[in-house]
Amino acid sequence: MLAAALFVAPIAAPDPALAAPAEARPSRQSAGYLDQLLNEINGRRAMVGSPPLSYADPRANDAVHQYLADLTPLMMAMNACFHGMHNPVAPAWNYVSASGLDGEARGEVMGCPMRGYQWTPQQVTKSWWESPAHFQALYGDPEANVVACGGYGGGQRGFESVACVTFKI
């Protein structure tokens, strides 16, 4: 069974001491993946009459990459799927807000790590589409107009974990 998660929490600043090492940070190769991911998301939003999302400043996507670099190894060590809730990783929108994005956090969706599996844009957006809570957070919220997305543990074709955070700007 493919796992995806959703959670909404208050915003607080991330702990800079939890930053992942430079080798865990996103590469330029992920740009093609993020383009495909946004196209998949917006195609599904169009099917339900929600306006398209646009990516925030690239620093916001980098912040989601960093969030997953901090969170994914912890999820894998615990063999569990969960969002950052100061456990010790802060929520994703804290990372995005710290990157300079000023807006109202609307929701977070995640494709959780599974050993030996990588999420493609098509697979993760389909998983979110089939989950009522994820559907509402990503596709059914017409007020969301900006998204920041990132991945961990992969590259151009797929990632071990993927997250997107929506905002109203």
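Computed from a predicted model, the values in this text were never measured in an experiment. (Residues numbered from 1 in each chain as written. Predicted model: local features only at pLDDT ≥ 70, side-chain atom pairs only at ≥ 80, totals over all residues. Heavy atoms only, no water.)

A.B. asks: Sorry if this is basic, but what is going on with the packing of aromatic side chains here?
C.D. replies: Within a pair of aromatic rings, the relevant descriptors are the distance that separates the centres and the angle that separates the planes. In the structure shown here, the tally under the stated rule is six aromatic pairs. Residues Tyr67 and Tyr95 carry aromatic rings whose centres are separated by 5.5 Å and whose planes lie at 65° to one another, so their mutual orientation is edge-to-face. Here the residue Tyr67 occupies a position in helix H2 (residues 58–78), and Tyr95 occupies one in helix H3 (residues 92–98), the gap between them amounting to 28 residues. Both residues of the pair, Tyr67 and Tyr95, count as buried. (Phe/Tyr/Trp six-rings, centres within 6.5 Å; stacked < 30°, edge-to-face > 60°. Helix = DSSP H or I, 4+ residues; strand = E, 2+ residues; numbered from the N terminus. Buried < 20%, exposed > 50% of the residue type's maximum accessible area, 1.4 Å probe, protein only.)

A.B. asks: Got a minute to help me understand the state of the cysteines in this structure?
C.D. replies: Structurally, a disulfide amounts to a covalent bond that connects the sulfur atoms of two cysteines. Counted by the stated rule, this structure contains two disulfides. Note on cysteine connectivity: Cys81 is disulfide-linked to Cys112, with sulfurs 1.7 Å apart. Taken together, the positions of Cys81 in the loop between H2 and H3 and Cys112 in the loop between strand S3 (104–111) and helix H4 (121–130) put the pair 31 residues apart, joining distant regions of the chain. Cys81 sits in the partly exposed class, given a relative accessible area of 33%. (Disulfide = S-S within 2.5 Å.)

A.B. asks: Teacher, can you tell me more about the side chain of Ser50 here?
C.D. replies: Considering the arrangement of structural elements, one finds Ser50 in the loop between helix H1 (30–47) and strand S2 (54–55). Using a relative accessible area of 8% as the deciding quantity, one classes Ser50 as buried. Polar contacts involving the side chain of Ser50 include one to the main-chain carbonyl oxygen of Tyr139, which spans 2.7 Å. (Polar contact = N/O pair within 3.5 Å; in protein donor to acceptor, adjacent residues only side chain to side chain.)

A.B. asks: Got a minute to help me understand the confidence of the model for the protein in this structure?
C.D. replies: Atomic detail in the predicted coordinates should be set aside for any region of low pLDDT. Here the protein averages 85 in pLDDT, while 82% of its residues score no lower than 70. Within the model, the stretch residues 1–29 combines pLDDT values under 50 with 67 contacts to residues more than four positions away or in other chains. (pLDDT = per-residue confidence, 0-100. Contact = heavy atoms within 4.5 Å.)

A.B. asks: I would appreciate a short explanation of the pattern of salt bridges in the present structure.
C.D. replies: Side chains bearing opposite charge may pair, as long as their charged atoms lie close to each other. If you walk through the whole model with that rule in mind, you get six salt bridges. Counted as one network, the salt bridges with shared partners bring together Glu104, Arg106, Asp141, Glu143 and Lys168. (Salt bridge = Lys/Arg side-chain N within 4 Å of Asp/Glu carboxyl O.)

A.B. asks: I keep staring at unusual backbone geometry and nothing clicks. Help me out?
C.D. replies: A negative phi angle is the norm for most residues apart from glycine, just as the trans form is the norm for most peptide bonds. Geometrically, the link from Asn87 to Pro88 is a cis peptide bond, its omega value of 5° lying close to zero. Residue position: Pro88 is located in the loop between H2 and H3. Its identity is not glycine, yet Asn79 carries a phi of approximately 50°, on the positive side. Among the residues examined, Asn79 registers a relative accessible area of 71% and is labelled exposed. In this structure, His86 takes a positive phi of about 65° despite not being glycine. With respect to the helices, strands and loops of the structure, His86 is situated in the loop between H2 and H3.

A.B. asks: It is not clear to me how helix H5 (residues 132–139) should be interpreted in this structure. Could you clarify?
C.D. replies: Of all the residues in H5, the buried ones are His134, Ala137, Leu138 and Tyr139. With its buried residues spanning 155° around the axis, H5 presents them on a single face. (Arc of directions from axis to C-beta.)

A.B. asks: Mind showing me how you'd approach the environment of Ala60 here?
C.D. replies: Within the secondary structure, Ala60 sits in helix H2. In this structure, the C-alpha to C-alpha distance between Ala60 and Gly150, residues 90 residues apart in sequence, is 8.9 Å. When sequence neighbours within four positions are dropped, the list of residues in contact with Ala60 reads Val96, Ser99 and Ala148.

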